[in-house]
Amino acid sequence: MNTGQDVQLDALDSRLIELLAEEPRIGVLECSRRLGVARGTVQARLDKLVERGVIGGFGPDVSPAAIGFGVTSFVTLEISQRHGHDPVTAHLAAIPEVLEAHTITGTGDLLCRIVARSNADLQRVIDQIVSYEGIRRASTIIALAEQIPYRVLPLVRSAVQGRAPC
């Protein structure tokens, strides 16, 4: 995967990505028919997009709320510098409710998105997170409503047009 270089997209890449986002179960042959290009062209483009890290997966987009995890929160963690990020990350990775974690700048060291079944369950998850001795402090913000869901298609369109997103 090539995530450190500027990857250029063209109009066909963008149309292919949009088609796959709109209809994730569509096959390569149907993509080629709808895009008006050869099946081999679609497969080659897909292979390159995956190889360059543009497309990271083809799995289902699962809604945590739909499977009973209706509380979403963001937790900023301060970690003990002598332990480092790797052991803390391993601890967090073992907790199913931790959906993602990012090293950040500012007053905290890691920012995590976590889910829970209820506010009481959120306390359980936070207690589990901070039980690791390498974590010094946690600051939690509960998300009340999702205003803009995670999205990348506007960014893809913008990249093809060669301008920064607004």
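Preceding block: the structure.
This structure is a prediction, so every number in the text was calculated from the model and none was measured. (Residues numbered from 1 in each chain as written. Predicted model: local features only at pLDDT ≥ 70, side-chain atom pairs only at ≥ 80, totals over all residues. Heavy atoms only, no water.)

Student: Outline a nonpolar patch on the surface, listing residues and values.
Tutor: Together, Tyr 150, Val 152 and Leu 155 make up a nonpolar patch on the protein surface, roughly 350 Å² of accessible area in all. Structurally, Val 152 is set in the loop between β4 (135–143) and α6 (153–161). Overall, the relative accessible area of 34% leaves Val 152 in the partly exposed class. (Patch = residues over 30% accessible without salt bridge, like charges linked within 9 Å, V, L, I, M, F, W, Y side chains within 5 Å. Areas by Shrake-Rupley, 256 points an atom, 1.4 Å probe, with all protein chains shown as cover. Salt bridge = Lys/Arg side-chain N within 4 Å of Asp/Glu carboxyl O. Helix = DSSP H or I, 4+ residues; strand = E, 2+ residues; numbered from the N terminus. Buried < 20%, exposed > 50% of the residue type's maximum accessible area, 1.4 Å probe, protein only.)

Student: With reference to specific residues and values, describe the sheet that holds strand β1 (residues 71–79).
Tutor: Across the sheet, four strands lie side by side as β2-β3-β1-β4; this open sheet has antiparallel pairing. The sheet is open, and its two edges are formed by β2 (98–103) and β4, each paired on a single side. Averaged over all pairs of adjacent strands, the angle between their axes in this sheet comes to 20°, without regard to strand direction. Inspection of the sheet shows β1 paired to β4 by eight bridges, in the antiparallel sense. Residue pairing across strands places Ser 73 opposite Ile 142, the latter belonging to β4. The strands touched by helix α4 (residues 85–93) are β1, β2, β3 (110–116) and β4; relative to β3, the strand with the most contacts, the crossing angle is about 10°. Along the sheet, helix α5 (residues 119–130) contacts β1, β2, β3 and β4; its crossing angle with β3, the most-contacted strand, is approximately 140°. (Pairing = 2+ DSSP bridges. Axes fitted to C-alpha atoms, helices over the stretch in contact; angles between N-to-C directions. Contact = heavy atoms within 4.5 Å.)

Student: Go over the pairing of β3 with me, naming the residues and quoting the values.
Tutor: When you tally the buried positions in β3, you get five out of seven residues, the bulk of the element. Where β1 and β3 come together, seven bridges link them in antiparallel fashion. By the bridge assignment for β3, Val 75 is matched with Cys 112. Where β2 hands over to β3, the hairpin turn is made up of six residues, of which Gly 106 adopts a positive phi near 105°.

Purely geometric stuff here, so don't read any function into it on its own.
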